[in-house]
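# Analysis of the macromolecular model
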Number of protein chains: 2
Amino acid sequence: MTTVRPPNVSETHYLRALHEWASIIGEANVLTSADRLSDYADPFAPHPMAKPFAACAVVLPGSVDEIREVLRIARTYGVPLWPVSTGRNFAYGGGAPRLTGSVVLDLKRLNRILEVDETLAYALVEPGVTYFDLHAHLQRRGSKLWVDPAAAGWGSVVGNTLERGFGYTAYGDHAANQCGMEVMLANGEIVRTGMGAIEIGRAWQLYKAGFGPSYDTMFMQSNFGIVTKLGLWLMPEPEAYLIVHVKVPREADLEAAVETLRPLRLDETIRNHAVIEGAIRYAAGVSARTDWYDGPGPMPASAVDEIVRRLDIGWWNVRFALYGASDIVDARFAAARRAFARLPGARIDAQRYARGAVPAGGGDANMAGVPAMSAFRMLDWRGGAGAHVDFSPICPFTGRDALRQYSVAKARLAEYGFDYYGGFTAGERHLHHIVATIFDRDDPRQTDAAADLQRVLMSDARAEGYGVYRTHLATMDFAASQYDFNDGALLRLSETIKDALDPDGILAPGKSGIWPRVWRGKRDRI
Amino acid sequence: MTTVRPPNVSETHYLRALHEWASIIGEANVLTSADRLSDYADPFAPHPMAKPFAACAVVLPGSVDEIREVLRIARTYGVPLWPVSTGRNFAYGGGAPRLTGSVVLDLKRLNRILEVDETLAYALVEPGVTYFDLHAHLQRRGSKLWVDPAAAGWGSVVGNTLERGFGYTAYGDHAANQCGMEVMLANGEIVRTGMGAIEIGRAWQLYKAGFGPSYDTMFMQSNFGIVTKLGLWLMPEPEAYLIVHVKVPREADLEAAVETLRPLRLDETIRNHAVIEGAIRYAAGVSARTDWYDGPGPMPASAVDEIVRRLDIGWWNVRFALYGASDIVDARFAAARRAFARLPGARIDAQRYARGAVPAGGGDANMAGVPAMSAFRMLDWRGGAGAHVDFSPICPFTGRDALRQYSVAKARLAEYGFDYYGGFTAGERHLHHIVATIFDRDDPRQTDAAADLQRVLMSDARAEGYGVYRTHLATMDFAASQYDFNDGALLRLSETIKDALDPDGILAPGKSGIWPRVWRGKRDRI
């Protein structure tokens with residue numbers, strides 16, 4: 001057993017809780033050994049020495065009824081639970097809890113694909129279902145529906161959607177394509193949202209809102225309940241699609257690239273989550289950093305120029321897909337090509353795929369609804385025990401904003417000795433700007449710098465009027481404190497709801513900066 | 001002064017509240033005379049004799065600060081408030097409150113269009129702004145952005161969005177195209193949702209969720225707060241568009257029409273909220289019921305056949321728009337025509353419009369982003385003091401479900417002496433089925449039958465697994481009780497949140513069936 005213990009719980013009570021859990025879900029599903037718990041440590045922990053965010057145990061219930069019992073016992077003894085779908089929230093903390101000594105409630109044994117409706121194009125899944133699982137299931141049944149994969153195909157569909165992850169197809173906004181949930185509240189009560197409250201109804205996965213207030217988005221990035229089932233809309237396989245790569249030559253071309261992309265997104269020429277990635281991120285997919293630079297500090301401009309030249313890529317690389325009937329894909333490509341051809345020096349390549357054909361590269365395959373793991377290649381970029389932590393501000397969809405966020409972040413990264421390893425993913429009116437700080441976990445100097453840097457990047461962004469959409473456990477309080485309109489009214493609203501729904505403060509204390517009453521005010525000591 | 005009084009409030013306290021309100025917002029903005037209050041009675045009240053849902057007074061604050069003061073005084077004396085944006089929620093109760101004796105909080109004086117961003121295609125408006133206002137504002141500044149109008153152009157943009165109204169263009173799902181709110185909670189605290197919590201931020205109207213749980217949809221159809229500002233996305237005017245009318249000859253063709261429409265919606269050939277309307281609804285736009293039938297009971301099939309023949313329309317009439325670049329519109333029309341041409345006897349007409357051109361008819365104009373009032377023509381259909389009440393179930397987007405809902409409703413309407421006056425509006429995976437019961441308010445037999453009928457229609461629907469998305473004040477409790485999974489867990493969740501956010505039970509008691517603690521259990525006596 002690890003030496004970590006739930007805070008504010010006596011040894012006797014904790015042991016009793018473990019015993020009662022084991023009696024209900026089985027000894028094998030209550031993990032307490034340091035060895036087993038290591039799977040739930042932050043895989044990319046920037047501070048391997050300090051070991052914050054350590055679980056004391058993991059419980060793995062096998063059904064909704066077992067979750068209810070686990071919860072009941074947790075309430076009885078006051079043991080905080082940290083629910084995860086499968087714990088693959090890498091770069092943001094993995095399966096580790098915000099509050100050290102929490103028990104991870106891992107839902108991966110609930111892994112049924114409960115329904116796929118081919119006609120109405122949706123699925124209903126449990127938290128343990130991964131993108132690989134759902135994709136394989138669809139393939140097996142000869143479905144004409146696509147999943148929209150997250151960057152890492154091994155991730156949970158439910159988990160990624162709840163964290164507001166995004167993908168690559170026209171259904172890339174995972175939260176927007178979610179429809180209907182089953183949620184267990186802290187008191188053990190099961191709620192079905194939207195039309196799911198019509199028992200034996202026919203529209204749970206068809207119409208989001210239902211009647212009266214709608215709650216699905218309140219259960220995202222929150223600690224108000226445990227999502228046990230989730231509906232998602234699936235994209236019908238298009239007749240044809242075209243994957244387009246645009247290479248723009250200069251660093252400052254980011255501004256023009258974004259200005260070109262926005263009208264194409266707004267007029268629906270491009271319907272997918274187009275990506276604009278920097279040369280270094282592109283290079284990490286096909287090479288190691290030492291191939292280009294081995295000196296101290298960040299890569300010099302000359303090394304990036306060499307990457308661009310030798311790999312024959314752009315300083316910025318735009319990648320998007322066009323879907324639809326064959327003639328519509330043609331018309332869309334003509335419009336997109338016209339627009340991007342106006343950028344001086346832009347080179348445009350397009351590859352056409354008929355229904356059923358799948359591109360070779362992981363990134364392009366994602367745009368055809370095929371999950372991959374290629375995003376993990378970045379871990380080998382810097383060498384050593386590769387890890388990364390992500391700074392993820394929302395960027396208004398203008399060239400000026402994108403260039404500003406990029407320039408400020410790049411300068412700050414350089415100051416801390418890191419390269420700009422990032423890119424933008426295009427929503428409709430915003431860009432997700434994702435900046436990975438890649439470091440060697442075994443190098444204390446790098447890990448310290450990476451950790452310190454995150455707050456500085458966030459402060460820089462905040463000063464310009466930007467906020468992050470998601471963050472690591474270590475910076476959740478900091479991120480929440482940046483959303484400070486009217487002296488933090490939004491967080492107070494969350495706290496009021498938290499106290500009403502979870503008066504014992506059992507569920508995920510500290511998630512997204514929301515602490516239950518019992519922990520509030522103590523957060524500096526946690 | 002009317003004789004209606006706030007329940008559970010002494011005469012002295014009520015008069016004090018009125019006095020204090022007047023001292024803050026001005027005498028002219030506190031209405032108590034029967035004459036002035038008549039504007040806030042349900043305009044289509046099915047029971048004009050019984051007068052439930054009567055306000056005792058109306059207050060019209062002119063600013064957010066005045067709303068806060070109005071609220072403070074209401075809390076002090078325990079006077080329930082019924083917030084309305086402008087009170088145009090016709091067919092569902094207009095500006096009338098659920099709880100008799102509530103004071104209507106009319107926000108129509110807050111009528112500023114705070115921002116229109118031409119580049120990022122959004123607006124930020126106050127509750128008093130109507131679709132006509134916003135459209136005129138865009139026209140005046142030569143904007144290339146469209147509004148998506150509600151059926152009646154005089155309605156409030158905020159009000160319609162909060163009630164989850166829907167329109168006619170590709171932005172027809174008003175709730176889905178909402179982005180960012182400012183909300184005053186019952187304690188007077190102002191919350192800005194999503195990225196709005198970044199003070200002086202740059203993405204309030206660009207990215208919906210922000211960081212942590214997201215609340216916008218919780219403030220829709222609810223009584224958890226007063227929405228004082230609302231962001232909405234605006235559709236960029238397309239290069240060209242085509243409005244298509246498809247007439248299908250037989251009653252039973254509804255099934256095939258829906259089956260044809262669904263794949264075109266799902267593959268994005270059709271992006272707007274296509275409409276399928278019955279012959280009678282079509283006829284009401286151009287004629288009176290007595291032109292066709294003047295006997296007792298519902299119109300016989302022969303009269304409907306005559307409508308179809310003489311007006312040269314379909315038994316069902318499908319209407320949709322295709323937007324985009326000129327060649328994309330052509331390609332989409334080719335696909336849609338191919339699909340509908342497979343329906344035996346279908347006739348397809350299309351009218352092409354270049355950028356800036358506006359169709360003549362109100363319904364078609366709506367599809368080009370132009371608000372109209374043509375929907376009100378139905379009131380003259382039956383003669384007398386025309387009124388209607390709407391039964392609005394969500395229908396799964398299948399021909400089988402649509403035909404089933406139609407058949408069951410039509411039979412029940414006939415039993416009560418009414419025609420089937422209805423149609424379907426196409427979301428992505430659901431249809432809004434709207435069935436208007438049109439009656440003469442001066443005919444007690446008709447008004448009684450119309451009122452009784454609504455519960456019967458709802459019960460019929462519930463037995464088949466369907467629920468309504470919206471309903472009249474008189475059936476809010478009934479509708480909420482139909483969403484009964486796990487013994488009403490969803491409503492209990494709403495009640496828990498209501499009590500946490502509004503412990504005094506001041507805001508809109510009874511809205512969507514949600515009663516604050518003080519009124520709970522007493523609902524049968526209200």
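Summarised in this report is the structure supplied together with it.

Criteria and thresholds
Residues numbered from 1 in each chain as written. Chains lettered and ligands numbered in written order. Predicted model: local features only at pLDDT ≥ 70, side-chain atom pairs only at ≥ 80, totals over all residues. Heavy atoms only, no water. Pairing = 2+ DSSP bridges. Helix = DSSP H or I, 4+ residues; strand = E, 2+ residues; numbered from the N terminus. Contact = heavy atoms within 4.5 Å. Axes fitted to C-alpha atoms, helices over the stretch in contact; angles between N-to-C directions. Salt bridge = Lys/Arg side-chain N within 4 Å of Asp/Glu carboxyl O. Buried < 20%, exposed > 50% of the residue type's maximum accessible area, 1.4 Å probe, protein only. Phe/Tyr/Trp six-rings, centres within 6.5 Å; stacked < 30°, edge-to-face > 60°. Lys NZ or Arg CZ within 6 Å of the ring centre and 35° of its normal. Least-squares fit on C-alpha atoms with pLDDT ≥ 70 in both. Parallel < 35°, antiparallel > 145°, perpendicular 65-115°, else oblique. Left-handed = near helix turned anticlockwise from the far one by under 90°. Nonpolar A, V, L, I, M, F, W, Y, C, P; charged D, E, K, R; others polar. Buried area = accessible area lost by both parts, 1.4 Å probe. Expected span 1.5 Å × (residues − 1). Polar contact = N/O pair within 3.5 Å; in protein donor to acceptor, adjacent residues only side chain to side chain.

This part takes up the sheet that holds strand β4 (residues 103-106) of chain B. Residues and elements named next belong to chain B. Taken in spatial order, the four strands make up an open sheet running β1-β2-β4-β3, and their pairing is mixed. The open sheet is flanked by β1 (30-31) and β3 (81-84), the only strands paired with a single partner. Bridge count for β1 against strand β2 (residues 57-59) is two bridges, and the pairing is antiparallel. In the strand pairing of β2, V30 is matched with V59. Along the sheet, helix α3 (residues 64-77) contacts β2, β3 and β4; its crossing angle with β3, the most-contacted strand, is approximately 160°.

Okay, the pattern of salt bridges next. Tallied over the full model, the rule gives 66 salt bridges over all chains. Between D330 of chain A and R352 of chain A there is a salt bridge, with the nearest N and O atoms lying 2.6 Å from each other. Of this pair, D330 of chain A sits in helix α9 (residues 326-341) while R352 of chain A sits in strand β15 (residues 347-354), and the two are 22 residues apart along the sequence. Owing to a relative accessible area of 35%, R352 of chain A belongs among the partly exposed residues under this scheme. The closest approach of N and O atoms between R492 of chain A and E189 of chain B, which form a salt bridge, is 2.9 Å. Linking R492 of chain A in helix α14 (residues 485-501) with E189 of chain B in the loop between β8 (178-184) and β9 (190-192), this pair reaches from one chain into another. Residue R492 of chain A is classed as partly exposed on the basis of its relative accessible area, which comes to 27%.

What follows deals with the packing of aromatic side chains. Residues and elements named next belong to chain A. With the rule as written, the count across this model stands at 30 aromatic pairs over all chains. Judged by centre distance (5.4 Å) and plane angle (90°), the rings of W146 and Y241 are edge-to-face. Highlighted residues: W146 in strand β7 (residues 145-146) and Y241 in strand β12 (residues 240-248), separated in sequence by 95 residues. Residue class for Y241 comes out buried when judged on its relative accessible area of 1%. An aromatic cluster is present here, built from W315, W316, Y406, Y420 and F424 joined pairwise through their rings. The ring centre of F478 lies 5.4 Å from the NZ or CZ of R455, which sits over that ring.

Residues and elements named next belong to chain B. Read across the open sheet, the five strands follow the order β5-β6-β10-β8-β9; overall the sheet is antiparallel. Edge positions in the open sheet fall to β5 (113-117) and β9, since each of these has one partner strand only. Geometrically, the sheet is characterised by an average inter-axis angle of 10° between neighbouring strands, direction not taken into account. Taken together, the four bridges between β5 and strand β6 (residues 122-125) define a ladder with antiparallel strand orientation. Its bridge partner being in β6, V116 is matched across the sheet by A123.

Attention now moves to the relation of the copies chain A and chain B. Between the two copies of this chain, the relationship is a rotation about some axis together with a displacement along it. With an RMSD of 0.0 Å, the fit of chain A onto chain B corresponds to turning through 180° and sliding 0.0 Å along the axis. Expressed as an axis order, the relation between the two copies is that of a two-fold axis. When the interface residues of chain A are mapped onto chain B, 100% of them again fall at the interface, so both copies present the same face.

Packed helices, taken two at a time, are described by the angle their axes make and the gap between the axes. Residue and element names in this part refer to chain A. Following both chains from N to C, one finds helix α1 (residues 11-25) and helix α3 (residues 64-77) inclined at 165°, their axes separated by 10 Å at the closest point. One way to sum up the angle between α1 and α3 is to call them roughly antiparallel. Of the two possible hands of crossing, α1 and α3 adopt the one that is right-handed. Facing H13, R16, A17, E20, W21, I24 and I25 of α1, the residues of α3 in contact are E66, E69, V70, R72, I73, A74 and Y77.

Right, let's talk about the packing of helix α11 (residues 399-415) of chain B against helix α12 (residues 444-463) of chain B for a bit. All names here are of chain B. It is the contact of α11 with α12, at a shortest axis distance of 10 Å, that shows an interaxial angle of 155°. With respect to each other, α11 and α12 are oriented roughly antiparallel. Once α11 is placed against α12, the crossing between them reads as right-handed. Counting all contacts with α11, which are made through V408, A409, R412 and L413, the residues of α12 involved are L453, V456, L457 and D460. Class assignment for the residues of the contact of α11 with α12 results in six nonpolar, no polar and two charged.

Moving on to the interface of chain A and chain B. Note on interface size: it is often stated as the accessible area lost on association of the parts. The interface of chain A with chain B comprises 87 residues on the first partner and 87 residues on the second. A combined buried area of about 7500 Å² lies between chain A and chain B, and 63% of that area is made up of carbon and sulfur atoms. Contact with chain B buries surface across chain A, with F211, R429 and F485 of chain A losing the most and accounting together for 13% of the total. Counting across the interface, chain A meets chain B through six salt bridges. Linking E268 of chain A and R271 of chain B is a salt bridge whose minimum nitrogen-to-oxygen distance equals 2.5 Å.

Before going further, it helps to examine helix α6 (residues 253-266) of chain A. Residue and element names in this part refer to chain A. Here α6 is 14 residues long and its end C-alpha atoms lie 20 Å apart, about the 20 Å a rise of 1.5 Å per residue gives. Most of α6 sits inside the fold, with ten of its 14 residues counted as buried. Among the residues making up α6, those that are buried are D253, L254, A257, V258, T260, L261, R262, L264, R265 and L266. One or two residues past the end of α6 sits E268, with phi positive at roughly 70°.

Moving on, we get to the pairing of strand β18 (residues 421-426) of chain B. All names here are of chain B. Burial analysis of β18 places six of its six residues in the buried class, which makes it a mostly covered element. By the alternation rule, side chains of β18 split into Y421, G423 and T425 and G422, F424 and A426, which are all buried. By the bridge criterion, three bridges tie strand β13 (residues 275-278) to β18 in an arrangement that is antiparallel. Bridging across to β18, E277 finds its partner in G423. Here β18 hands over to strand β19 (residues 430-440) after three residues, the two strands then running antiparallel side by side.

Turning next to the side chain of D106 of chain B. Residue and element names in this part refer to chain B. Positionally, D106 belongs in strand β4. Relative accessible area serves as the criterion here: at 0%, D106 is assigned to the buried category. A polar contact is formed between the side chain of D106 and the side chain of Y40, at a distance of 2.6 Å. Excluding residues that lie within four positions of it along the chain, D106 makes contacts with Y40, V58, V59, L60, P61, V84, S85 and T86.

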